[in-house]
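Residue strings, one per chain:
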Amino acid sequence: MRINQFLARCGVGARRKVEEIILAGRVKVNGKTLTDLSYRVDLENDQVLVDGKTVRIDEEDGLPKIIAFNKPVGFLSSHEDKFHEKTIFDLLPKEFHKYNYAGRLDLDSRGLLVLSSDGDFIQRITHPSNKIEKEYIVTLQKKVDWKRIAEELRLGVREGGETLRAFQVTAAGLEMDKDPDNTNHLRVILKEGKKRQIRRMFHAKDLSVIDLFRVRVGGLSLEKKKLEEGKFTSVTEKEILGK
């Protein structure tokens, strides 16, 4: 198995990321630094280390390849961070701590995170060219004419030197909303994933987001697959990608 595929299967990262790790001299095979991307790993005999730690494909551990996690507010989407004590991995069993996540949710956001031990799968979910839909229920600090806001966000707004666009914006359709035209609960679908995109789009329209809840990634929806906040469950590629 080629070294980049091997490291991706170990959960080190997507293939492009692991190639950077290899070329940076952070990988050793049988005690020698490896920078040859064409190297083929002997799965029976080679010892592979990344940053001094042994990595391996564990086919018999019985763990699911993909899990869905309902992230609460106040937990960082990170393996570790010197500025924040609480990360999502504080809520997950130790055996999932090597998993990577497909797209962050910031500290003050909540909802669906997809994690996997397969770096290639993470790449398929996150790469912009695949246009995987991500759906959010957004609560604003005040009611707005959602149809006007929807048109502006679909056309795109400028913020931080970038053009940010929503694929679709509608009223969230929550029972608490009595007025179908003016609401502070919107449903936003993205096909791109720029940093803090939703909060930045609404900020550009002088609107503050007070709650950001991701309810769907691809075909996997928390509104259909009930999952308690802070809990996780195993899922399949088909549930997310539909194939």
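Predicted, not measured: the structure shown is a model, and the values here were computed from it.

## Some remarks on the overall build of the protein chain
Point 1. For the protein chain, the count of helices and strands is six helices and 15 strands.
Point 2. Based on the C-alpha atoms only, the size of the protein chain along its principal axes is roughly 65 × 40 × 40 Å.
Point 3. Buried positions account for 44% of the 243 residues belonging to the protein chain.
Point 4. For the protein chain, restricting intrachain contacts to residue pairs at least 6 apart in sequence, the fraction spanning at least 24 positions comes to 62%.

## Brief notes about the confidence of the model for the protein chain
Point 1. Overall, the predicted model of the protein chain reaches an average pLDDT of 88, with 96% of residues at or above 70.
Point 2. No element of the protein chain has a lower mean pLDDT than helix H1 (residues 3-9), at 83, and none a higher one than strand S13 (residues 209-217), at 97.

## Description of the environment of Gly 160
Point 1. Residue placement: Gly 160 occurs in the loop between strand S9 (157-159) and strand S10 (162-164).
Point 2. We classify Gly 160 as exposed; its relative accessible area is 68%.
Point 3. Each C-alpha atom, one on Gly 160 and one on Ala 204, is 9.3 Å from the other, the two residues being 44 residues apart in sequence.

## Points about the pairing of strand S8 (residues 134-145)
Point 1. Direction of pairing for S8 relative to strand S12 (residues 182-190): antiparallel, over a ladder of eight bridges. Note that in S12 the partner of Lys 134 across the bridge is Leu 190.
Point 2. Sheet topology places S8 next to S13; seven bridges connect them, and they run antiparallel. Within the sheet, the bridge partner assigned to Leu 140 lies in S13 and is Val 209.

## Digging into helix H4 (residues 146-155)
Point 1. For H4, every residue scored as buried is listed here: Trp 146, Ile 149, Ala 150 and Leu 153. Buried residues along H4 cover an arc of 105 degrees about the axis, so they all sit on one side.
Point 2. Residues of H4 that are buried make contact with S8, S9, S10, strand S11 (168-171), S12 and helix H5 (197-204).
Point 3. The first or second residue beyond H4 is Gly 156, which carries a positive phi of 110 degrees.

## Observations concerning the packing of aromatic side chains
Point 1. The full count for this structure, using the stated rule, is two aromatic pairs.
Point 2. The interplanar angle of 90 degrees and the centroid separation of 5.0 Å between the aromatic rings of Phe 96 and Tyr 99 together place this pair among those described as edge-to-face.
Point 3. Aromatic side chains Phe 96 and Phe 232 sit 5.0 Å apart centroid to centroid with 65 degrees between the ring planes, which places their arrangement in the edge-to-face category. Here Phe 232 lies in strand S15 (residues 232-234) and Phe 96 lies in the loop between strand S5 (66-71) and strand S6 (100-101), a separation of 136 residues in the sequence.
Point 4. The class for Phe 96 is buried, based on a relative accessible area of 4%.

## Points about the pattern of salt bridges
Point 1. Tallied over the full model, the rule gives 18 salt bridges.
Point 2. Ionic pairing is found between Arg 187 and Glu 135, a salt bridge with its closest N-O pair at 2.9 Å. Pair noted here: Arg 187 is in strand S12 and Glu 135 is in strand S8, with a separation of 52 residues, a long-range link.
Point 3. A salt bridge links Glu 159 to Arg 200; the shortest N-O distance between them is 2.6 Å. In this pair, Glu 159 sits in strand S9 while Arg 200 sits in helix H5, placing the two residues 41 residues apart along the sequence.
Point 4. For Arg 200, a relative accessible area of 14% translates into the label buried.
Point 5. Here the salt bridges do not stand alone but share partners, grouping Glu 133, Glu 135, Arg 187, Arg 216 and Glu 223 into one network.

## Comments concerning the environment of Leu 140
Point 1. Mapped onto the elements of the fold, Leu 140 is located in strand S8.
Point 2. Residues Leu 140 and Asn 184, 44 residues apart in the sequence, show an inter-C-alpha distance of 4.9 Å.
Point 3. Excluding residues that lie within four positions of it along the chain, Leu 140 makes contacts with Asn 184, Leu 186, Phe 202, Leu 207, Ser 208, Val 209 and Ile 210.

Reading the values: the criteria
Residues numbered from 1 in each chain as written. Predicted model: local features only at pLDDT ≥ 70, side-chain atom pairs only at ≥ 80, totals over all residues. Heavy atoms only, no water. Helix = DSSP H or I, 4+ residues; strand = E, 2+ residues; numbered from the N terminus. Buried < 20%, exposed > 50% of the residue type's maximum accessible area, 1.4 Å probe, protein only. Contact = heavy atoms within 4.5 Å. pLDDT = per-residue confidence, 0-100. Pairing = 2+ DSSP bridges. Arc of directions from axis to C-beta. Phe/Tyr/Trp six-rings, centres within 6.5 Å; stacked < 30°, edge-to-face > 60°. Salt bridge = Lys/Arg side-chain N within 4 Å of Asp/Glu carboxyl O.

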